[in-house]
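Observations on chain architecture
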Amino acid sequence: EQGFTRVILTVDSDEELKPTCDRLKAEGFNFFAIGIFLQNARQNALLIGFTMDFVALIALAVAVIGIVNTLLTSVLERTREIGILKAVGAKDRHVLLMFLLESALIGFCGGWLGVLLGWLVSFPGDNTALSIIREQEPGMPQPKTVFLYPWWLLVGAPTFAIMLTTLAGFWPARRAARIEPVLALRSDE
């Protein structure tokens, strides 16, 4: 007649958790299910990760447009120089290679600069993250660091930057290679 104040209910599998919680809710019981909480946390982490990936993709697109714009401007400013190079015997592939190397060098410098700046910023970020973890979970074992730089990241980030900038520089380099020497020499600076 007095009933129970608490009951621990165990389900056989994760698939049964949601229907069981829905039935308890429909019958008017209050409940707390850590599995539902973990499913919601997992879903939120996926949504945040997707949003961050989308923002990073937009940033990459803007960077590529900036690189293409910079190299197109470089081609326009150096039209006379390209004409002189072709007049003294440079072939289209030499001009193409020159601009592709320039764009790859931009990627190389940018990639390594990004890794270096990320590494430098990780020190204060690591201290802040570790202090937050200590405050949230004082009794739990604490990690030594939050930010890790594995070898594949140190190699992969600059390599990706080089490939991306070289790909972005292909159209301006092709445009530079197709400039006619006679027209380029006649152009005003």
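Coordinates for the structure precede this section.
Worth saying up front: this structure is predicted, and the values here are computed from it rather than measured.

Quick look at the overall build of the protein chain now. The number of helices and strands found in the protein chain is seven helices and zero strands. The N-to-C order of helical and strand elements in the protein chain reads α-α-α-α-α-α-α. For 189 residues, the compact-globule formula gives about 16 Å, and the C-alpha radius of gyration of the protein chain, at 29 Å, lies well above that figure. Its C-alpha atoms give the protein chain principal-axis dimensions of about 105 × 35 × 25 Å. The burial tally for the protein chain puts 20% of its 189 residues in the buried class. Of the contacts formed within the protein chain by residues at least 6 apart in sequence, a portion of 69% connects residues at least 24 apart.

Glancing now at the environment of Val146. Along the chain, Val146 turns up in the loop between α4 (92-136) and α5 (151-168). Under the relative-accessibility criterion, Val146 is labelled partly exposed at 38%. When the C-alpha atoms of Val146 and Phe123 are compared, they prove to be 9.7 Å apart, with 23 residues separating the residues in sequence.

Here we come to the nonpolar core. One finds Val75, Ile82, Val95, Phe99, Leu100, Ala173, Ala176, Ala177, Ile179 and Ala184 forming the largest nonpolar core, which totals ten residues. Listed by contribution, the elements that provide at least two residues to this core are α4 and α6 (170-177). In this structure Leu100 touches Thr166, Gly169, Phe170 and Ala173, once residues within four positions along its chain are discounted. Among the nonpolar cores identified, the runner-up in size contains five residues, and Ile67, Val68, Leu71 and Leu72 belong to it.

Definitions and limits used
Residues numbered from 1 in each chain as written. Predicted model: local features only at pLDDT ≥ 70, side-chain atom pairs only at ≥ 80, totals over all residues. Heavy atoms only, no water. Helix = DSSP H or I, 4+ residues; strand = E, 2+ residues; numbered from the N terminus. Rg over C-alpha atoms; globule rule 2.2 N^0.38 Å. Buried < 20%, exposed > 50% of the residue type's maximum accessible area, 1.4 Å probe, protein only. Contact = heavy atoms within 4.5 Å. Core = buried A, V, L, I, M, F, W, Y, C linked by side-chain atoms within 4.5 Å.

Nothing here speaks to function; it is all geometry.
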